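Each chain, letter by letter, is given below.
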Amino acid sequence: MAEPSAGPSGPGSVVLDIGGDIGALIIITPARMAGEEIHISPLDDPAGRTHALVRERRLGPSSCHAAVYPALPAGDYTIWRGAGSPAGTVRIGGGAATTYRWADPG
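Keep in mind the model is a prediction, meaning the values are calculated, not measured. (Residues numbered from 1 in each chain as written. Predicted model: local features only at pLDDT ≥ 70, side-chain atom pairs only at ≥ 80, totals over all residues. Heavy atoms only, no water.)

Chemist: It is not clear to me how the pairing of strand 4 (residues 55–59) should be interpreted in this structure. Could you clarify?
Modeler: Note that strand 4 and strand 5 (residues 62–73) share 5 bridges and pair antiparallel. Looking across to strand 5, one finds that Leu-59 is bridged to Ser-62. In textbook terms, the turn of a hairpin is the stretch between consecutive antiparallel strands, and for strand 4 and strand 5 this stretch comprises 2 residues, one of which, Gly-60, has a positive phi near 65 degrees. (Pairing = 2+ DSSP bridges. Helix = DSSP H or I, 4+ residues; strand = E, 2+ residues; numbered from the N terminus.)

Chemist: In this structure, what is going on with the pattern of salt bridges? I would like to understand it.
Modeler: Pairs may arise between side chains of opposite charge once their charged atoms sit close together. Under the criterion given, the structure shown has 2 salt bridges. The partner of Glu-56 in a salt bridge is Arg-58, with the nearest N and O atoms 3.5 Å apart. Glu-56 gets classed as partly exposed once you look at its relative accessible area, which sits at 22%. A salt bridge links Arg-91 to Asp-76; the nearest nitrogen and oxygen atoms lie 2.7 Å apart. A residue pair is termed long-range when its members are at least 10 positions apart, and Arg-91 in strand 7 (residues 86–92) and Asp-76 in strand 6 (residues 75–80) qualify at 15 residues. Residue Asp-76 is classed as partly exposed on the basis of its relative accessible area of 31%. (Salt bridge = Lys/Arg side-chain N within 4 Å of Asp/Glu carboxyl O. Buried < 20%, exposed > 50% of the residue type's maximum accessible area, 1.4 Å probe, protein only.)

Chemist: I keep staring at the side chain of Arg-57 and nothing clicks. Help me out?
Modeler: Its place among the elements puts Arg-57 in strand 4. The side chain of Arg-57 sits in the buried core without any salt bridge; Glu-56 is the nearest counter-charge, 9.5 Å away. Among the polar contacts listed, one links the side chain of Arg-57 to the backbone oxygen of Ala-66, at a separation of 3.1 Å. (Lys, Arg positive; Asp, Glu negative; His and termini not counted. Polar contact = N/O pair within 3.5 Å; in protein donor to acceptor, adjacent residues only side chain to side chain.)

Chemist: I would appreciate a short explanation of the environment of Ala-87 in the present structure.
Modeler: Residue position: Ala-87 is located in strand 7. For Ala-87 and Ala-103, which are 16 residues apart along the polypeptide, the C-alpha to C-alpha distance reads 7.7 Å. Contact partners of Ala-87, with chain neighbours within four places excluded, come to Ile-79, Trp-80, Arg-81, Tyr-100 and Trp-102. (Contact = heavy atoms within 4.5 Å.)

Chemist: Could you clarify how one ought to interpret the sheet that holds strand 8 (residues 97–101) in this entry?
Modeler: Each strand in a sheet pairs with another by means of backbone hydrogen bonds, the pair being arranged parallel or else antiparallel. The strand order across the open sheet built from 4 strands is 4-5-1-8, with neighbouring strands paired in mixed fashion. Of all strands in the sheet, those bounded by a partner on one side alone are strand 4 and strand 8. Neighbour-to-neighbour, the strand axes of this sheet turn through a mean angle of 40 degrees, independent of strand direction. Of the pairings in the sheet, the one linking strand 1 (residues 22–29) to strand 5 comprises 7 bridges and is antiparallel in character. (Axes fitted to C-alpha atoms, helices over the stretch in contact; angles between N-to-C directions.)

Chemist: What should I look at first to understand a nonpolar patch on the surface in this one?
Modeler: On the surface, Val-14, Leu-16 and Ile-18 cluster together into a nonpolar patch covering about 190 Å² of accessible area. By the element assignment, Leu-16 lies in the segment before strand 1. Residue Leu-16 is classed as partly exposed on the basis of its relative accessible area of 31%. (Patch = residues over 30% accessible without salt bridge, like charges linked within 9 Å, V, L, I, M, F, W, Y side chains within 5 Å. Areas by Shrake-Rupley, 256 points an atom, 1.4 Å probe, with all protein chains shown as cover.)

Chemist: I tried to follow the packing of aromatic side chains on my own but got confused; where do I start?
Modeler: Each aromatic ring pair is described using two quantities: the centre-to-centre distance and the angle formed by the ring planes. A full pass over the atoms with the stated rule returns 0 aromatic pairs. The ring centre of Trp-80 lies 3.8 Å from the NZ or CZ of Arg-49, which sits over that ring. (Phe/Tyr/Trp six-rings, centres within 6.5 Å; stacked < 30°, edge-to-face > 60°. Lys NZ or Arg CZ within 6 Å of the ring centre and 35° of its normal.)

Put into structure tokens, the structure is as follows:
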């Protein structure tokens, strides 16, 4: 039996746990990626992956689709398109939220 996909998240339902050497990452994606997991890893540790689910994020009258990583140690990260294909890299700063826009290959 297939698991149901997570529905949209409403305003205030995601809490970022940032401060000191901990930051957050928000990956903005196309709507068609809803329900997909995006993996990231520290740049120097490709095996140390974590993932987040792409969900619709409702922001008052508007919305977007994003994967949110609410607490990451500051540093450089690889964003993975698949098992062995990097989509890009991003630097996470302590005490801040970083936004990355998913780019389709082409």
